[in-house]
Amino acid sequence: MAVIGAAVLIFGNALVMGYMERKLAGHYQRRTGPMEVGFHGILQLVADGIKLMAKQLIIPAKADKPLFMLAPILSFAPVFLPLLVIPFSDRIQAFDLNVGLLFMLAIASVNVLAVLMGGWASNNKYSMFGSFRAVAQSIAYEIPMLLSLLAIVFMTNTFSLRGVMEAQNVWFIFLQPVAFLIYLVCMVAETNRAPFDLPEAESELTAGFHTEYSGMGFSLFMMAEYTHMLIASCIATVFFLGGSSGFPLPYFEYTGIIWFLLKAYAFMFFLVWIRWTFPRTRFDQLMNLCWKYLLPFSLVNLLITVVVVKL
Amino acid sequence: MNVDVFEDERQHHFVLNMGPQHPSTHGVLRILLEMDGEYVLDPQPVLGYVHRCHERMGEFKPAKAFMPNVARMDYLGALIYNQGYAMLLERAAGIEVPKRAEYIRVITSELNRIQSHLLWYGAYLLDLGAFTPIMYTFDDREHILDMLEDVCGSRLTYCYSRVGGVCKDIDDKFIERARAFIERLRSRFPMYEDLVNGNVIVQKRMQNVGEYTPELCARFGVTGPLLRATGVEYDLRKAEPYSVYSEFDFEIPTEKKGDAWAAFNVRFREMEQSLRIVEQALDKLPDGEVMAPKVPKKLKLPQGDYNCSVEAPRGELSYYLVSDGSDTPYRIKVRTPSYSNLSVVPELCKGMMIADVVTCMGALDLVIPEIDR
């Protein structure tokens, strides 16, 4: 039941996000976005999905075939797991792990391995560049991300996402604004989205790590990316915006999911918004931002939090 | 090219082939980058993918019939190429051009320059990873193309200038639209300045990238906005005023630093100056004919060498024509600015990160068909 729910959420999210991204991008750019398939193009993503599934899988001649095939699967398969521990409302949660946060971040970082495999196995210099950048970037940004969340863990004394959600009488965005900003930047970098989309930097590396992927391989990478965006947004919602809290609706222990998803998609909207607004940073600038600014700030923030909590 | 068997420390390097099909080479330029990790050690441009033998073609057709060819060299500055070539033949044959025709040439050329810079502006930001600005600049550019289409009959590869004038007079509708466009673009500049030029990521990506000096420019023959970005105020429209440019009041924007950011700003400010020229030319536009009377159908150029230079969007454009007295030139040589501007790449991009190479190439504003001809 839980797995089916997660599957519905993943594919539904890919459809909604794909449509939202293209439609929003269109409007940012003074055009209409998809309009042809269905009313205002709502069925565009269904058509695209069918097309991608029907496409030939092209494996480059000198690619490492098993790794090349495995990489997109490895990228996509684990994304079900983090969704199982997210408390979408008071009653909608598959498992309440007492190390929920660590579990989510651990699973999410498997994606790095998949990207590295895909880039390496493609036997393409651009792909290799993209995957090297992805590894450096993801590993660097995981540290301030975790540190900013740890500040909240210290306040609530629990890694459980439900525990964090229930501990919020006041949303933590007001108590931990610095942690929130740091998390927001790290979230963009972790999901490889512009302006930190260095691993797929189109104008430098053609398409980065998925240059050689076509058809389903490509769409699995894309779906994994969208699901990672959803997961990162869900963490932000739980940790900073009080999860499913909001104006009470009838059957609130279930309908809280409406508030939850609204908040999560507000973050997704933010991710789309900045992608179509900002240019890309350079790789050394990206690393400087992490090691010179985010990391010290998150450490200081953590320290202050600890002192205040102890007092 | 065998790159696998270096004997020395270069065996740790690898060669990345950027282009001829690459999103940021805008056309069919190919660059071989010898890389050490993210750093480029030795960039080598490889040319010749769109070579169409234009100069050779010029030796086989009447001098007047070469006009469409020059438009196809630089598809973004075609009217300026037209103007330069027409001026060359007029100079050779001693033909006086009516004042109105000169004004119309200046108006259309400057609109063409703005159009070229607008496209570069959008495409450059696309290279830097900002997808949206190009849609806005294309929107502005579309107005120019529509206007020029009405008067010239085509949208990119114009053939508008003739020996002795221009082929078609501009009408009141064109003037009205040009004035409206000047208003429109002026009202858009603050938006571009706020959203793009003021963006900290844009500034950090361009500042201090690919610094060069006036000496380097002199060594490689770099001209145009790139030269002016180093502080040298050299623009043929002011330095050797051709056509009727001496009658207008405009400035030559310069910057000191000579990096990608300086070149970016010089080009951006040039658009404003071009607008000023167009505005003044529209105000002063004299009445009269647009074609000189009695231009011979078969234009025989007296024996000798002829030269003519104009300021194209990317720098100094020179025509050199050797005539043997017939109506077909003995030899035509075109000095195109992008070719010289490209030649600094091996010098400029040494030791850069690959992302900076893209920034640098974008700042050069290369048009590949102009390099290959």
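Scroll up to find the structure.
One structure accompanies this document, and this report is about it. Owing to the predicted nature of the structure, the values given are computational and were not obtained by experimental measurement. (Residues numbered from 1 in each chain as written. Chains lettered and ligands numbered in written order. Predicted model: local features only at pLDDT ≥ 70, side-chain atom pairs only at ≥ 80, totals over all residues. Heavy atoms only, no water.)

## Examining the overall build of chain A
Here is the rule we go by: Comment: elements are numbered from the N terminus, with helices defined as DSSP H or I runs of at least four residues and strands as E runs of at least two. The reference for a compact globule is 2.2 Å times residues^0.38; the radius of gyration itself is calculated from the C-alpha atoms. Accessible area is worked out with a 1.4 Å probe on protein chains only. A residue is then buried under 20% of its type maximum, exposed over 50%, and partly exposed in between. Throughout, a residue-residue contact means that at least one pair of heavy atoms, one from each residue, lies within 4.5 Å. Accessible areas in this description were obtained via Shrake-Rupley with a 1.4 Å probe; residue shielding takes into account the shown protein chains only. Here Asp and Glu are counted as negative and Lys and Arg as positive; His is not counted, and neither are the chain ends. For this purpose, a charge sits on NZ of Lys, CZ of Arg, CG of Asp or CD of Glu.
The secondary structure content of chain A amounts to 14 helices and 0 strands. Shown N-terminal to C-terminal, the secondary structure of chain A runs as helices and strands in the order α-α-α-α-α-α-α-α-α-α-α-α-α-α. For 311 residues, the compact-globule estimate of 2.2 N^0.38 gives 19 Å, and the C-alpha radius of gyration of chain A, at 20 Å, lies within 12% of that figure. Counting only C-alpha atoms and orienting by the principal axes, one finds that chain A spans roughly 65 × 45 × 40 Å. When each of the 311 residues of chain A is scored for burial, the buried share is 55%. At a minimum sequence separation of 6, the contacts of chain A that also span at least 24 residues come to 76%. Looking at chain A as shown, the accessible area adds up to about 13,700 Å², and 73% of this sits on carbon and sulfur atoms. Positive and negative charge centroids in chain A, built from 19 and 17 side chains respectively, lie 5 Å apart.

## Concerning the sheet that holds strand S8 (residues 331–335) of chain B
Residues and elements named next belong to chain B. Applicable threshold: We treat two strands as partners when DSSP finds at least two bridges between them. To get an axis, fit a line to the C-alpha atoms, keeping to the stretch in contact for a helix; angles then go from 0 to 180 degrees between the N-to-C directions.
Pairing within the open sheet is antiparallel, and its 3 strands lie in the order S6-S7-S8. Because the sheet does not close on itself, it has two edges, and the strands there are strand S6 (304–312) and S8. Going across the sheet, the axis of each strand differs from the next one's by a mean of 10 degrees, ignoring polarity. Relative to S8, strand S7 (residues 315–323) runs antiparallel, the two sharing 5 bridges. Looking across to S8, one finds that Tyr 319 is bridged to Val 334. With respect to the sheet, helix H3 (residues 78–93) is in contact with S6, S7 and S8, its orientation differing from that of S6 by roughly 150 degrees.

## Structural notes on the sheet that holds strand S1 (residues 14–18) of chain B
The 3 strands are arranged S1-S2-S3 (chain B) in an open sheet whose pairing can be described as antiparallel. Taken across any chain shown, the strands that pair with only one partner, and hence form the sheet edges, are S1 and strand S3 (39–46) of chain B. Taking the axes of each pair of neighbouring strands and ignoring which way they run, one obtains an average angle of 25 degrees across the sheet. Bridge count for S1 of chain B against strand S2 (residues 30–36) of chain B is 5 bridges, and the pairing is antiparallel. Looking at the pairing, Leu 16 of chain B lines up with Leu 33 of chain B of S2 of chain B. This element, helix H7 (residues 125–156) of chain A, spans S1 and S2 of chain B of the sheet and lies at about 105 degrees to S1 of chain B. Together, S1, S2 and S3 of chain B form the strand contacts of helix H14 (residues 354–364) of chain B, whose direction differs from that of S2 of chain B by roughly 150 degrees.

## Side note on the interface of chain B and chain A
Applicable threshold: Values labelled buried area give the accessible surface lost by two parts on being combined, using a 1.4 Å probe and summing over both. Any carboxyl oxygen of Asp or Glu within 4 Å of a side-chain nitrogen of Lys or Arg constitutes a salt bridge here. Counted as a polar contact is a pair of N or O atoms within 3.5 Å, where, for protein atoms, one must be capable of donating a hydrogen and the other of accepting one, and residues adjacent in sequence contribute only when both atoms are in side chains.
Facing 34 residues of chain B, the contacting portion of chain A comprises 24 residues. Each partner contributes to the roughly 2,700 Å² buried at the junction of chain B and chain A, and carbon and sulfur atoms together form 60% of this total. Taken together, chain B and chain A are joined by 2 salt bridges. Here chain B is connected to chain A by 10 residue pairs in polar contact (both at pLDDT 80 or more). Counting only elements with at least two residues in the side of chain B that touches chain A, the list comes to S1, helix H4 (99–127), helix H5 (133–152), helix H7 (200–206) and H14 of chain B. With 5 residues, S1 of chain B is the largest single contributor of residues to the side of chain B that touches chain A.

## Focus: the packing of aromatic side chains
All names here are of chain B. Defined as follows: Stacked, tilted and edge-to-face are the three classes assigned to paired rings of Phe, Tyr and Trp, where Trp is represented by its six-membered ring and a pair needs centres within 6.5 Å; plane angles under 30 degrees give stacked, over 60 edge-to-face, the rest tilted. Whether a charge sits over a ring comes down to the Lys NZ or Arg CZ being within 6 Å of the ring centre and within 35 degrees of the ring normal.
One pass over the full model with this rule turns up 26 aromatic pairs over all chains. Centroid distance Tyr 85 to Tyr 319: 5.5 Å. Interplanar angle 65 degrees. Geometry classified as edge-to-face. Here Tyr 85, found in helix H3, pairs with Tyr 319, found in strand S7; they are 234 residues apart in sequence, far enough to count as distant. It is Lys 238 that lies over the ring of Phe 250; its NZ or CZ is 4.5 Å from the centre. The positively charged end of Arg 267 is found above the aromatic ring belonging to Trp 120, 4.8 Å away from the centroid.

## Side note on the environment of Leu 364 of chain B
On the secondary structure map, Leu 364 of chain B appears in helix H14. With sequence-adjacent residues up to four places away left out, Leu 364 of chain B is seen in contact with Leu 226, Arg 267, Asn 341, Leu 342, Val 344 and Val 345 of chain B.

## Brief notes about the packing of helix H3 (residues 65–76) of chain A against helix H6 (residues 110–121) of chain A
All names here are of chain A. Note the threshold: Roughly parallel covers angles under 35 degrees, roughly antiparallel covers those over 145, roughly perpendicular covers 65 to 115, and oblique covers all other angles. Handedness of each helix crossing follows the sense of rotation of the near helix against the far helix: counterclockwise by less than a right angle gives left-handed, clockwise gives right-handed. Polarity classes work like this: nonpolar for Ala, Val, Leu, Ile, Met, Phe, Trp, Tyr, Cys and Pro, charged for Asp, Glu, Lys and Arg, and polar for all others, with Gly in that last group.
Contact pair H3 / H6: the axes reach a minimum separation of 8 Å and the direction vectors enclose 155 degrees. Taken as axis vectors, H3 and H6 run roughly antiparallel relative to one another. Both H3 and H6 take part in a crossing whose hand is left-handed. Residues Leu 67, Phe 68, Leu 70, Ala 71, Leu 74 and Ser 75 of H3 lie in contact with H6, whose contacting residues are Val 110, Asn 111, Leu 113, Ala 114, Met 117, Gly 118 and Ala 121. Across the contact of H3 with H6, the residue classes break down as 10 nonpolar, 3 polar and no charged.

## Some words on the side chain of Ser 274 of chain B
Residues and elements named next belong to chain B. Structurally, Ser 274 can be placed in helix H11 (residues 260–284). The class for Ser 274 is buried, based on a relative accessible area of 1%. Within the structure, Ser 274 has its side chain in polar contact with the side chain of Glu 110 (distance 2.9 Å). With sequence-adjacent residues up to four places away left out, Ser 274 is seen in contact with Glu 110, Arg 113, Ile 114 and Arg 237.

## Some points on the environment of Lys 263 of chain A
Residues and elements named next belong to chain A. Within the secondary structure layout, Lys 263 lies in helix H13 (residues 252–275). Sequence-wise, Lys 263 and Ala 94 are 169 residues apart; in three dimensions their C-alpha atoms are separated by 20 Å. If we ignore the near neighbours within four places in the chain, the residues touching Lys 263 are Trp 171, Thr 237, Leu 241, Gly 242, Gly 243, Ser 244 and Ser 245. Among the polar contacts listed, one links the side chain of Lys 263 to the backbone oxygen of Leu 241, at a separation of 2.9 Å.

## Quick look at the environment of Tyr 124 of chain B
Residues and elements named next belong to chain B. Within the secondary structure, Tyr 124 sits in helix H4. Since its relative accessible area comes to 1%, Tyr 124 is described here as buried. Along the chain, Tyr 124 and Thr 359 lie 235 residues apart, while their C-alpha atoms are 7.7 Å from each other. Aside from chain neighbours lying at most four places away, what touches Tyr 124 is Met 206, Ala 260, Phe 264, Thr 359, Gly 362 and Ala 363. From its side chain, Tyr 124 meets the backbone oxygen of Thr 359 in a polar contact 2.9 Å long.

## Thoughts on helix H12 (residues 215–240) of chain A
All names here are of chain A. Formally: Helix span, as expected, comes to 1.5 Å for every residue beyond the first.
The end-to-end C-alpha distance of H12 is 37 Å, a good match for the 38 Å that 26 residues give at a rise of 1.5 Å each. In terms of burial, H12 is largely enclosed, as 23 of its 26 residues are buried. Looking one or two places after H12, you find Gly 242, whose phi comes out positive at around 70 degrees.

## Some points on the packing of H5 of chain B against helix H6 (residues 172–197) of chain B
Two quantities define a packed helix pair, namely the angle between the helix axes and the distance between the axes. Residues and elements named next belong to chain B. Viewed as axis vectors pointing N to C, H5 and H6 meet at an angle of 165 degrees, and their least axial separation amounts to 11 Å. What the angle tells us is that H5 and H6 run roughly antiparallel. In the crossing of H5 with H6, the sense of the turn from one axis to the other is left-handed. Listed contacts from H6 to Pro 133, Tyr 136, Thr 137, Asp 139, Asp 140, His 143, Ile 144, Asp 146, Met 147, Leu 148, Asp 150 and Val 151 of H5 are Lys 173, Phe 174, Arg 177, Ala 178, Phe 181, Arg 184, Leu 185, Arg 188, Met 191, Tyr 192 and Val 196.

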